[in-house]
Amino acid sequence: AQSVAQPEDQVNVAEGNPLTVKCTYSVSGNPYLFWYVQYPNRGLQFLLKYITGDNLVKGSYGFEAEFNKSQTSFHLKKPSALVSDSALYFCAVRDAGTDKLIFGTGTRLQVFP
Amino acid sequence: DTAVSQTPKYLVTQMGNDKSIKCEQNLGHDTMYWYKQDSKKFLKIMFSYNNKELIINETVPNRFSPKSPDKAHLNLHINSLELGDSAVYFCASSQGRTGTDTQYFGPGTRLTVL
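Residues numbered from 1 in each chain as written. Chains lettered and ligands numbered in written order. Predicted model: local features only at pLDDT ≥ 70, side-chain atom pairs only at ≥ 80, totals over all residues. Heavy atoms only, no water.

Undergrad: What exactly am I supposed to notice about the nonpolar core here?
TA: For soluble globular proteins, nonpolar side chains are generally found buried alongside one another. In terms of nonpolar packing, the biggest core is built from 27 residues, with A:Trp35, A:Leu47, A:Leu48, A:Phe74, A:Leu76 and A:Tyr89 touching the most fellow members. Elements that contribute at least two residues to this core include exactly strand 2 (10–14), strand 3 (19–21), strand 5 (33–38), strand 6 (44–50), strand 8 (64–68), strand 9 (73–78), strand 10 (87–94) and strand 12 (107–112) of chain A. In terms of residues, this core owes the most to one element, strand 10 of chain A, which gives four residues. Once you skip the residues sitting within four places of it in the chain, A:Leu47 turns out to touch A:Trp35, A:Tyr36, A:Val37, A:Gly59, A:Ser60, A:Tyr61, A:Phe63, A:Leu76 and A:Tyr89. B:Cys23, B:Trp34, B:Leu81 and B:Leu111 belong to the second-largest nonpolar core, a separate cluster that totals 19 residues. (Core = buried A, V, L, I, M, F, W, Y, C linked by side-chain atoms within 4.5 Å. Buried < 20%, exposed > 50% of the residue type's maximum accessible area, 1.4 Å probe, protein only. Helix = DSSP H or I, 4+ residues; strand = E, 2+ residues; numbered from the N terminus. Contact = heavy atoms within 4.5 Å.)

Here is the structure:
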């Protein structure tokens, strides 16, 4: 079965520092991976996705993600964190058998001033 | 302009009641979804429609019945509400029906069953 894991419930980072939110996946076949962000009391907003091509995917709000096939990872990164980046981040993978999106459990990012 | 909208934003009701949540998208997408997010923020798909055809029907109680009058609208009707139905329900839409298509989410409907 396809699955995605976000090993950290929370990530704390100081404003201006680089941030990484981790995601690992398990799929059969080609992985199709997504990152979404959820601000408090809001819906999920699409950040970026990997379908094929370059391993470094650039997305919205200065975020990028690095696809690493050998490590089955798709970590979300940003060179310089902002307090306004504080939110809940979800990694998701496409289930090839059902075409459903399988979401991770989410990682809460807290950026401190 | 709101791309995916849901009404109501908040819904507080008593156990045993019947309620509906409405969703509309103005993106011209062919596929719409209902997701449930529980109190631990775990997000799981419930249903999906493509051009008014039901294509994903997860194992949810048959008290939950989706209905798509046209491809821009997807409603969720819940009969005989139970305490465990309390959650945030998100509608989403995508251009295509495959899992590689980007899904765009509505703001959510917070359902509280007392």
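Undergrad: Is there a simple way to explain the packing of aromatic side chains in this structure?
TA: Two measures describe an aromatic ring pair: the distance that separates the ring centres and the angle between the ring planes. Counting across every chain of the model gives 16 aromatic pairs over all chains. Note on A:Phe90 and A:Phe103: the rings are 6.3 Å apart at their centroids and 85 degrees apart in plane angle, and the pair reads as edge-to-face. Taken together, the residues span a long stretch of sequence, with A:Phe90 in strand 10 and A:Phe103 in strand 11 (residues 101–103) at a distance of 13 residues. The two residues A:Phe90 and A:Phe103 agree in class, both being buried. Ring centres of B:Tyr33 and B:Tyr35 lie 6.2 Å apart, and the angle between their planes is 35 degrees; this geometry places the pair in the tilted category. Note on B:Tyr35: relative accessible area 0%, which makes it buried. Three or more aromatic residues link up through ring pairs in this structure, and these residues are A:Phe34, A:Tyr36, A:Phe46, A:Phe90, A:Phe103, B:Tyr33, B:Tyr35, B:Phe90, B:Tyr104 and B:Phe105. (Phe/Tyr/Trp six-rings, centres within 6.5 Å; stacked < 30°, edge-to-face > 60°.)

Undergrad: Hey, could you run me through the pattern of salt bridges in this one?
TA: Where charged atoms from two side chains of opposite charge come close, those side chains can pair. Enumeration over the complete set of coordinates arrives at nine salt bridges over all chains. With a shortest N-O distance of 2.7 Å, A:Arg94 and A:Asp99 are connected by a salt bridge. The salt bridge partner of A:Lys100 is B:Glu58, with a shortest N-O separation of 2.7 Å. Of this pair, A:Lys100 sits in the loop between strand 10 and strand 11 while B:Glu58 is found in the loop between strand 6 (53–57) and strand 7 (64–70), placing the two residues in two different chains. No difference in accessibility class separates A:Lys100 from B:Glu58, as the two residues are buried. Among the charged side chains, a network of salt bridges with common partners joins A:Lys100, B:Lys44 and B:Glu58. (Salt bridge = Lys/Arg side-chain N within 4 Å of Asp/Glu carboxyl O.)

Undergrad: What should I look at first to understand the interface of chain A and chain B in this one?
TA: Often, the extent of an interface is quoted as the loss of accessible area on bringing the components together. On the side of chain B, 21 residues touch chain A, which itself brings 21 residues to the contact. Summed over both sides, the interface of chain A with chain B buries roughly 1700 Å², with 56% coming from carbon and sulfur. The three residues of chain A that bury the most area against chain B are A:Leu44, A:Lys100 and A:Phe103, which together make up 28% of that side's buried surface. Summed over the shared surface of chain A and chain B, the number is one salt bridge. Along the contact surface separating chain A from chain B lie five residue pairs in polar contact (both at pLDDT 80 or more). Mapped onto the side of chain A that touches chain B, the elements with two or more residues apiece are strand 5, strand 6, strand 10 and strand 11 of chain A. Tallied by class, residues from the side of chain A that touches chain B come to ten nonpolar, five polar and six charged. (Buried area = accessible area lost by both parts, 1.4 Å probe. Polar contact = N/O pair within 3.5 Å; in protein donor to acceptor, adjacent residues only side chain to side chain. Nonpolar A, V, L, I, M, F, W, Y, C, P; charged D, E, K, R; others polar.)

Undergrad: Is there a simple way to think about the state of the cysteines in this case?
TA: Residue and element names in this part refer to chain A. Throughout the structure, instances matching the rule amount to two disulfides over all chains. Across the disulfide, Cys23 is cross-linked to Cys91 (sulfur-sulfur distance 2.0 Å). Taking the torsion about the sulfur-sulfur bond, which here is approximately -60 degrees, the covalent link between Cys23 and Cys91 counts as left-handed. One end of the pair, Cys23, is in the loop between strand 3 and strand 4 (24–26); the other, Cys91, is in strand 10, with 68 residues separating them in the sequence. For the pair formed by Cys23 and Cys91, the shared burial category is buried. (Disulfide = S-S within 2.5 Å.)

Undergrad: Mind showing me how you'd approach the sheet that holds strand 8 (residues 73–78) of chain B here?
TA: Strand pairing in a sheet is mediated by backbone hydrogen bonds. Such pairs are either parallel or antiparallel. All names here are of chain B. Pairing in this open sheet of four strands is antiparallel, and the strands run 1-3-8-7 from one edge to the other. The open sheet is flanked by strand 1 (4–7) and strand 7, the only strands paired with a single partner. Ignoring strand direction, the axes of neighbouring strands in this sheet form an average angle of 20 degrees. Bridge count for strand 1 against strand 3 (residues 19–25) is four bridges, and the pairing is antiparallel. Each residue of the ladder has a partner; that of Ser5, found in strand 3, is Glu24. (Pairing = 2+ DSSP bridges. Axes fitted to C-alpha atoms, helices over the stretch in contact; angles between N-to-C directions.)

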